Amino acid sequence: MKLTGAEIVWECLLREGVDLVFGYPGGAILPIYDALTKYPQIRHVLPRHEQGGTHMAEGYARATGKVGVMLATSGPGATNLVTGLANAMMDSSPLVAITGQVPLGAIGSDAFQETDVTGCTLPVTKHNYLVTRTEDIAYTIREAFHIARTGRPGPVLVDIPKDVQNKVIEFHYPEGELRLPGYNVPGKAHPKEIEAALDLIHSAKRPLILAGHGVLMSGAMDEIRSFAEITQTPVALTLLGKGGFPENHPLCVGMMGMHGTAAANQAIQQADLLLAFGMRFDDRVTGNLKTYSPDSKKIHVEIDPSEINKNVKVDVGIVGDLKMVLRQLLPKLQTGQHQEWIGQIRDWEEDTSERDILLRLAAHPDGKLWAAQVIAELFRCTEGKALTVSDVGQHQMLEAQYYPHTRPHSLLTSGGLGTMGFGMPAAIGAKLGRPDEEVWAIVGDGGFQMTLTELGTAMQEHVNINIAIINNSFLGMVRQWQEFFYEERYQSTPLKNPDFVKLAAAYDIPARRVSTKEEIEEAVQWARSIDGPTLIEFVVVQNDIVYPMVPAGADLHAMIRRPKPSESPDFENNPTAI
Amino acid sequence: MKHTLICLVENKPGVLNRVVSLFRRRNFNMDSLTVGRTHNPDISRITVVMEAEPGDGKKVVMMLYKLIDVIEVQDVTNIPTINRDLALVKVRTPDAYARNAVTDLCYERGARLVDIGPEVTIVELAGAEESVESFVEALHQFEIVEMVRTGRVSMGRGIRTMEQRDYKSTRFAAYAPSVNGGGSAGHDDE
């Protein structure tokens, strides 16, 4: 069969099971777009900016477990991908980006819309390719998908010059083994490692599981639950690990780290065994490494060998696929009892509830709307069953605290890179990938405005997402740092915002504004009843603080916490004060 | 301390860039870098000498393995190796007296005169870095006009070669710190 390089691209995508791509056309990728007209079985979604497109592809990938595909043209089209690729790299999301490039002969001549794309994206991709022969396209795309989805997943970019897309060749799909002598996908653990881990597990008095994104990516939800239940080991979650272990489970102690629960952080510091399953000891979860969990032995099961002993020295490091390793461990586990330890954690949790903003507001209503109330109401109204996609900032941490997730892949958020603007486009991608889910984009007023152009995409594609803007007219998290660490000098953090309801109206998207707690339920049910995108702007209190907080680089147990009523000097007059 | 790493990489365009870029973005400092072919046309060999804090050597090895085109990495710092560095030094030899002195020095040190011109002489020494250092030191009695050194290339002693190591098992053996600091063999059994 004689095909152009551009047609070969689509043939290969079909063989990878792709039925939806995101992309933005332009000069150097026009042959590929022209060839798409011959492949009506593939749906194409046009974002309004390539960055939004990569976030959509990532939202799609993380919601479905499939590889997200993004197309872009050369030069500015490709450079606009960089933030999205970096985000996917940090959060280990499988993406394949295909970019057009100027014709081979023009490469290196500073031609119109030429950029060294493989050079630009080298540090933010798992791997990338410049394809110089039409004959190599099929093999390269096959390899790209393999690398994107196996091992520790990540983004892979394939750059294809225009003349390589245009050339006609006899097409044979490359079957057989891939030639990847330098690439190896870890699987099971060595029996010696299993034995070493079991010794530590069975002698532990105060064990704690740290469950990360790897639980979801290896599909080890059932295994980790069995592990926790058999050994009676409490489970703390990373932000991206949420959904990997049900948060309503009695053994779940909630999120760890900078804005994690005080109980989880205290448990980490006092544990005598940490079982780090598919997580990477990011600085946002460890705080000061020198004082991190000083008395514990540590077992680290991780698919990426470079993560073992990178930040935290461990006693047993197991390179492998978490699900396979847990399946090796499970039949050898002895049932455990850690009543005293679990009781201790319960006490810490009690202490936390005394400081809870919602309980305090319930006892001392102030008539204002607090972001935490919005999230908690959203949880109640959706019965905790929505797929939420948060952006970055205070609302993201409040979502993590007040919207407990019980199902896998029900929270998508930008964890490692902290990309403001991720939320809304990722929600679009998630909804397109899982149309039966109720999808809520929970975003701040700052982050929303970084990618609000994608309202156009939601409108054009009639994507049924609900957008909740938590609007405090501030870059809230930065404001919080300025309040704590920069003597309340709110430099460049107040925002003068547009009228978000009118903005939505311009896109023909139904929208409402809510400024009291009493209005929340009705508005949320209204949004749920509408087919197609909706937007609700929640106008919330400005001087809000996300507690508890471990200052960057501080000891994990040195959390700044909301004072108890008994500790607040002016509690009667100002019950919500810091 | 100084670490010597040997990497076998796929002989493809851009691979050197990937390796060097990793050192830059992870903030590791390279002392020297040599790249060349091997007897296998699909594989190139890179020798890197780097300054690293204790523990960092292992981290670099792990991160190099993350590069898809890197097939095998070995930190040979603490194993018996033959190390060679090659220097070409151009010294000013304006008269017969100087030329004779350079010739004598080369003879003493096992260096070679590779080019003799009316004004300058080029001498060559390949050897362990220390002997190259001391030779260059001795050449300072003349005026050095130009000098180039290749940087270290290393080869482990004995019959085992990097190509012969089964990369699947050695890649995991490299992680062997795992079990209580002890070593473990491949993961492919059980």
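Residues numbered from 1 in each chain as written. Chains lettered and ligands numbered in written order. Predicted model: local features only at pLDDT ≥ 70, side-chain atom pairs only at ≥ 80, totals over all residues. Heavy atoms only, no water.

J.: Hey, could you go over the sheet that holds strand β2 (residues 29-37) of chain B for me, with residue numbers and the actual values?
T.: All names here are of chain B. Ordered by their spatial adjacency, four strands build an open sheet running β2-β3-β1-β4, and the pairing between neighbours is antiparallel. The outermost strands of the open sheet, each flanked by one partner alone, are β2 and β4 (70-75). Here the strands of the sheet are splayed against their neighbours by 20° on average, with no regard to which way each runs. In the sheet, β2 pairs with strand β3 (residues 43-51) via eight bridges, with the strands oriented antiparallel. Paired with L33 across the two strands is V48, which belongs to β3. Helix-sheet contacts for helix α1 (residues 15-25) involve β1 (2-10), β2, β3 and β4, and the interaxial angle to β2 is about 165°. With respect to the sheet, helix α2 (residues 56-66) is in contact with β1, β3 and β4, its orientation differing from that of β4 by roughly 170°. (Pairing = 2+ DSSP bridges. Helix = DSSP H or I, 4+ residues; strand = E, 2+ residues; numbered from the N terminus. Axes fitted to C-alpha atoms, helices over the stretch in contact; angles between N-to-C directions. Contact = heavy atoms within 4.5 Å.)

J.: Residues and numbers for the domain arrangement of chain A, please.
T.: All names here are of chain A. Its domain assignment divides chain A into domain 1 (2-170), domain 2 (191-348) and domain 3 (356-546). Computed from C-alpha atoms alone, the centre-to-centre distance between domain 2 and domain 3 is 30 Å. Counting residues at the interface gives 15 residues for domain 2 and 19 residues for domain 3. When domain 2 packs against domain 3, close to 1,300 Å² is buried across both sides, 67% of that on carbon and sulfur atoms. When the area that domain 2 buries against domain 3 is broken down by residue, the three leading residues are L239, K242 and H259, summing to 43%. At the junction of domain 2 with domain 3, the criterion picks out zero salt bridges. The tally of links from domain 2 across to domain 3 stands at three residue pairs in polar contact (both at pLDDT 80 or more). (Domains from an automatic or database assignment. Buried area = accessible area lost by both parts, 1.4 Å probe. Salt bridge = Lys/Arg side-chain N within 4 Å of Asp/Glu carboxyl O. Polar contact = N/O pair within 3.5 Å; in protein donor to acceptor, adjacent residues only side chain to side chain.)

J.: Hey, could you go over the sheet that holds strand β6 (residues 127-130) of chain A for me, with residue numbers and the actual values?
T.: All names here are of chain A. On the basis of which strands lie adjacent, the open sheet formed by six strands has the order β3-β2-β4-β5-β7-β6 and parallel pairing. A strand with exactly one partner marks an edge of an open sheet, and here the two such strands are β3 (43-45) and β6. Strand-to-strand, the axes of this sheet are offset by a mean angle of 20°, without reference to chain direction. Pairing of strand β2 (residues 20-23) with β3 involves three bridges; the strand directions are parallel.

J.: How would you summarise the packing of α1 of chain B against α2 of chain B if you had to cite specific residues and measurements?
T.: Residues and elements named next belong to chain B. Taken N-terminus to C-terminus, the directions of α1 and α2 make an angle of 140°; their axes are 10 Å apart at the nearest point. Considered as vectors, α1 and α2 are oriented oblique to each other. Like other packed secondary-structure pairs, α1 and α2 cross with a definite hand, here right-handed. Here α1 contributes V19, L22 and F23 to the contact with α2, which in turn contributes V60, M63 and L64. (Parallel < 35°, antiparallel > 145°, perpendicular 65-115°, else oblique. Left-handed = near helix turned anticlockwise from the far one by under 90°.)

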